[in-house]
Amino acid sequence: MIRVKFSKEEFLVLTAGCLGVAMAFYVYHLGLTRALTDQNAHLNFARLTVESMTPGISQLGFWPPLLHILMIPVTLLDPLYRSGLAGFVVLVPFLALGAFFLYRTVLGVTNNSLLGVTAGLLFLTNPYVLYYAVTPMMEVLFLSNLAGAAYFMGLWLRGARLKFLILSGIFIALTTISRFEGLILLPICSALIFLRMRQKKRPGREIEASLVLFLSLASFGMFGVMLYGWIFGGTPFAFTGGWWIRDPSSFPTEHNMLRSIQYLLHASSYMLGKPLVLVALLSVIPLFVFSSKRLHLFAPLVILFSPFVFIALTLFRGFPPIMVPELPPFDVFFNERYGLTWI
């Protein structure tokens, strides 16, 4: 009898593949692969970049371009484009990658493989994560790159090896061109690097060189998005948008930070489940009180939590709005999926 033994990483990758295939079949059977306007838009932008009256980079649109770029060759296959399963082909590998990075991140700060596997499985078994992994949407692409940035930054903090700083910078650039929430990682991670090197009493020239190297990679995505907006939209900040929805009733959080956090937490309770949101938030304080690895815990946590801060700030600014049925204007769901993009 042949026994096949999988490592924890192989188990999570295999689980991601199986769950992804099962969810793709289920969603396709229900006819929900192209149910959202954004799903159709992402497919169309990818296809129009190559096959349109004016093909080229100008067809990518003002969304972060990574998903559209990755889907270009897949959307050229008519069955995958028309069915919406182009997203499944591109995103399920990222689903597996996100679970792998979360496992390794938790393992690195706890030395407990069971906790690491639990983190990976919580990610993989979330129904909304699975839905957005088999349809052409940006959430899973963003979350997986975010987990990669957290993992490699954690490795650099523990070992200060240059290659981990470089890899963290690369994943932050990928995160930035996955969703705009990634933009907040540039100041956050720069501050983490500076504080860690000051803590280790590194000379100023070494700190400066490390930050220049890191930012030259990490800011590549931000400058790419701004250059695109400048050329095709007339302003580097064309991606901020918002002109297409100006009904004042759509902005109940504008200039109100407490209400912004309230709306985001309600959206998160739909996407992640209320018990998981409460456990996640309430566990942070005892973690820092009782752990001897506060810095090693803090860096991945602040990176993974950064989308919450970014979205709360954008809600305070007034755009984009989030709507949930129990809050004004009541009985409406809109952009509640933004509650998914923090772990």
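Overview of the structure. (Residues numbered from 1 in each chain as written. Predicted model: local features only at pLDDT ≥ 70, side-chain atom pairs only at ≥ 80, totals over all residues. Heavy atoms only, no water.)

**What to know about the pattern of salt bridges**
Overall, the coordinates contain 9 salt bridges when judged by the stated rule. For the salt bridge of D78 with R82, the shortest nitrogen-to-oxygen distance reads 3.2 Å. Of this pair, D78 and R82 both sit in helix α4 (residues 78-83), 4 residues apart, which is roughly one turn of the helix. Between E206 and R202 there is a salt bridge, with its nearest N and O atoms 3.7 Å apart. Judged by relative accessible area, E206 falls into the partly exposed class, the value being 33%. The class of R202 is partly exposed, set by a relative accessible area of 35%. Among the charged side chains, a salt-bridge network with shared partners connects D38, E139, R179, E181 and R337. (Salt bridge = Lys/Arg side-chain N within 4 Å of Asp/Glu carboxyl O. Helix = DSSP H or I, 4+ residues; strand = E, 2+ residues; numbered from the N terminus. Buried < 20%, exposed > 50% of the residue type's maximum accessible area, 1.4 Å probe, protein only.)

**Let's talk about the nonpolar core**
Counting 69 residues, the largest nonpolar core has L95 and M153 as its most contacted members. A per-element tally of this core places helix α8 (residues 139-159) first, with 13 residues. In contact with L95, not counting residues within four places along its chain, are A16, F123, L124, V129, L130, A133, V140 and S144. With 22 residues, the next largest nonpolar core counts A46, A86, I184 and F239 among its residues. (Core = buried A, V, L, I, M, F, W, Y, C linked by side-chain atoms within 4.5 Å. Contact = heavy atoms within 4.5 Å.)

**Quick word on the packing of aromatic side chains**
Tallied over the entire structure, the rule returns 14 aromatic pairs. Ring centres of F45 and W63 lie 5.9 Å apart, and the angle between their planes is 75°; on these two criteria the pair is classed as edge-to-face. Linking F45 in helix α2 (residues 37-48) with W63 in the loop between α2 and α3 (66-75), this pair joins segments that are 18 residues apart in sequence. The class of F45 is partly exposed, set by a relative accessible area of 23%. By relative accessible area, W63 is classed as partly exposed at 29%. Between F101 and Y151, the aromatic rings sit 5.6 Å apart at their centres with planes inclined by 35°, giving tilted as the arrangement. Here F101, found in helix α5 (residues 86-110), pairs with Y151, found in helix α8; they are 50 residues apart in sequence, far enough to count as distant. Like Y151, F101 is buried. In this structure an aromatic cluster arises from ring pairing among F100, F101, Y151, F152 and F171. (Phe/Tyr/Trp six-rings, centres within 6.5 Å; stacked < 30°, edge-to-face > 60°.)

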